[in-house]
Amino acid sequence: MRKVLSDILNSDPEIEVVGTAKDGLEAVELVQKLEPDVITMDVEMPRMNGIEAVKKIMEIRPTPIVMVSALTREGSKATFEALEAGAVDFIPKPSGSISLDIRKIGEEIIKKVKAAAKAKVLVRRPRRVSTTTTTQKIEEKPHEVPRAGEIEPLPYPDEVLKRMCVIIGSSTGGPPVVTEIISKLPGKMPPIFVVQHMPPGFTKLFAERIDAVSKLKVKEAEHGERVEPNKVYIAPGDYHMLITKRGSNVYIHLDNKMPKVNGTRPAVDVTAETVAEVYGGKTVGVILTGIGRDGAYGFKKIKEKGGKIIAQNKETCVVFGMPKAVIELGIADAVLPPSEIPKAIVKFCKEILGG
């Protein structure tokens, strides 16, 4: 695996592999000695695993790290822990014939490493996450009385809340930020659609991890399901998530045949454009850290309909690409750090619903 990865990365004239490590312990030593711009890190290694190595590197010499993750539930779980510890991105490790399969995704590996070289490393304290899965949890969570410091629930019945929505789009550096924002929202909210650039096999666990720390019900979106308030719908990896309306109800349509948009599927623009058509100005759009311009076109459509737009500020972005594109269009109503975004979402929801 180290040889194949090295060959792929060295095939690009802008990349030089300065060293390889056989385990996490050696990786930590080499990072101090070689001071690389980017590290690719396997999750499973002898002596010191990838998660511990990420934590150690973030302590001694914070460096952009791209995780190479196994397509298993345990591999996915470890990947999210590494992202929470400070890794900036990940790429799934192919199964089967390693050398053949990994060469197929060589272009993506090079793209992610180059993006990571421009990323800002943000050292985070990993949050404790319950291991309870969505299948074991009750469908509706009780709406508790908010404690001191918590955001008051929206004072509207579900029939009113279902008439509007929130859409959140993010990419590189997004998973911990999306988790932070949704975990702080109250238990009564309009439906929330999340488009996080993520490959298949990871979005279900991503939804489960957010669900474990949220007052809202968080789930991976399913084709044909009816949209309801107080729920968060995560676009599945490799599927565009479109929002459609039939009668007085709104439904989710998933499509893995449509071509990639902005080089990705799911794409924020695809969901945002359909949200603008269905909900019009009764929409709050939130654009978070990520490379490229995905979301700018769709959020412009939302703004043109009278919706409200929030962009993450430059200082807290791992990659200030997607929010920058929205801000440059002049459509952002607020530019904020993640800690302030939940209150802004609730404030704009109240304004849209008339008080």
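Reading the values: the criteria
- Residues numbered from 1 in each chain as written.
- Predicted model: local features only at pLDDT ≥ 70, side-chain atom pairs only at ≥ 80, totals over all residues.
- Heavy atoms only, no water.
- Core = buried A, V, L, I, M, F, W, Y, C linked by side-chain atoms within 4.5 Å.
- Buried < 20%, exposed > 50% of the residue type's maximum accessible area, 1.4 Å probe, protein only.
- Contact = heavy atoms within 4.5 Å.
- Axes fitted to C-alpha atoms, helices over the stretch in contact; angles between N-to-C directions.
- Helix = DSSP H or I, 4+ residues; strand = E, 2+ residues; numbered from the N terminus.
- Parallel < 35°, antiparallel > 145°, perpendicular 65-115°, else oblique.
- Salt bridge = Lys/Arg side-chain N within 4 Å of Asp/Glu carboxyl O.
- Pairing = 2+ DSSP bridges.
- Phe/Tyr/Trp six-rings, centres within 6.5 Å; stacked < 30°, edge-to-face > 60°.
- Lys NZ or Arg CZ within 6 Å of the ring centre and 35° of its normal.
- Nonpolar A, V, L, I, M, F, W, Y, C, P; charged D, E, K, R; others polar.
- Disulfide = S-S within 2.5 Å.

**Student:** Please provide a residue-by-residue account of the nonpolar core, values included.
**Tutor:** The biggest cluster of nonpolar side chains holds 62 residues, and the ones touching the most others in it are M189 and I345. Not counting residues up to four positions away in its chain, the partners in contact with I345 are V166, I181, L185, M189, V284, V286 and I310. Core analysis: the second largest hydrophobic core is formed by 29 residues, V250, I252, V278 and I309 among them.

**Student:** With reference to specific residues and values, describe the packing of helix α1 (residues 2-10) against helix α6 (residues 106-117).
**Tutor:** Contact geometry of α1 with α6 gives a least axis separation of 9 Å together with a crossing angle of 70°. With respect to their mutual orientation, α1 and α6 come out roughly perpendicular. Contact with α1, carried on its side by L5, I8 and L9, involves G106, I109, I110 and V113 of α6 and no other residues of that element.

**Student:** An account of the pattern of salt bridges is needed here, citing residue identities and associated values.
**Tutor:** Taken as a whole, this structure holds 24 salt bridges when the rule is applied. For E14, the salt bridge goes to K114, with nearest N and O atoms at 3.0 Å. In this pair, E14 is assigned in the loop between α1 and α2 (24-34) and K114 in helix α6, connecting sequence segments 100 residues apart. E14 sits in the exposed class, given a relative accessible area of 64%. Classification of K114 as partly exposed rests on a relative accessible area of 29%. Across the pair E81 and K77 runs a salt bridge, and its minimum N-O distance is 3.0 Å. Taken together, the residues span about one helical turn, with E81 and K77 both in helix α4 (residues 73-85) at a distance of 4 residues.

**Student:** Describe the sheet that holds strand β4 (residues 165-170), listing the residues and the values that go with them.
**Tutor:** Pairing within the open sheet is parallel, and its 7 strands lie in the order β6-β7-β5-β4-β10-β11-β12. Unpaired on one side and paired on the other, β6 (217-220) and β12 (334-336) mark the two borders of the sheet. For this sheet, the mean inter-axis angle between neighbouring strands, taken without regard to orientation, is 20°. Two elements, strand β11 (residues 308-312) and β12, share 3 bridges in a ladder whose sense is parallel. What sits directly across from Q312, in β12, is L336. Taken strand by strand, helix α8 (residues 174-184) contacts β4, β5 (192-196), β6, β7 (231-234) and β11, and its axis lies near 165° from that of β5.

**Student:** Residues and numbers for α8, please.
**Tutor:** Of all 11 residues in α8, 9 are buried, a share of seventy percent or more. When α8 is considered as a whole, its buried residues turn out to be G174, P175, P176, V177, V178, T179, I181, I182 and S183.

**Student:** I'd like to hear about the packing of aromatic side chains, residue by residue, with values.
**Tutor:** One pass over the structure, following the stated rule, counts 4 aromatic pairs. The rings of F193, Y233 and Y279 are connected pair by pair, giving a single aromatic cluster. Lying over the aromatic face of F90, K112 brings its terminal NZ or CZ to 5.8 Å of the ring centre. Here R246 stacks its cationic end above the ring of Y251, 3.9 Å away from the centre of that ring.

**Student:** If you had to explain the packing of helix α3 (residues 50-60) against α4 to someone new, which residues and values would you point to?
**Tutor:** Two elements in contact, α3 and α4, have axes whose closest approach is 9 Å; the angle formed by their N-to-C orientations is 5°. Considering their axes alone, α3 and α4 lie roughly parallel with respect to each other. Within the contact between the two elements, α3 uses I51, V54, K55 and M58 and α4 uses A78, E81, A82 and A85. Residues that form the contact of α3 with α4 fall into these classes: 6 nonpolar, no polar and 2 charged.

**Student:** Just give me the short version of the state of the cysteines, but keep the residues and values in it.
**Tutor:** According to the stated counting rule, one finds 0 disulfides in the structure shown. C349 provides the cysteine sulfur closest to C165, a residue in no disulfide bond, and the two sulfurs are 8.9 Å apart.

**Student:** Tell me about the pairing of β7, residues and numbers included.
**Tutor:** The alternating pattern of β7 places K231 and Y233 on one face and V232 and I234 on the opposite face, and all of these are buried. Here β5 runs beside β7; their pairing, made up of 3 bridges, is parallel. Counted as the bridge partner of F193 is Y233 from β7. Here β6 pairs with β7 via 4 bridges, running parallel. Counted as the bridge partner of K219 is Y233 from β7.

**Student:** Can you lay out the sheet that holds strand β2 (residues 65-70) for me, pointing to particular residues and giving the numbers?
**Tutor:** Read across the sheet, 3 strands follow the order β1-β2-β3 without closing on themselves; strand pairing throughout is parallel. Looking at the sheet topology across the chains shown, the edges are occupied by β1 (39-42) and β3 (89-93). Each strand of the sheet is rotated relative to its neighbour by a mean of 25°, with strand direction disregarded. Its contacts with the sheet put α3 on β1 and β2, and the angle it makes with β1 is roughly 150°. Against the sheet, α6 makes contact with β1, β2 and β3, and its axis sits at roughly 165° relative to β3, the strand it touches most.

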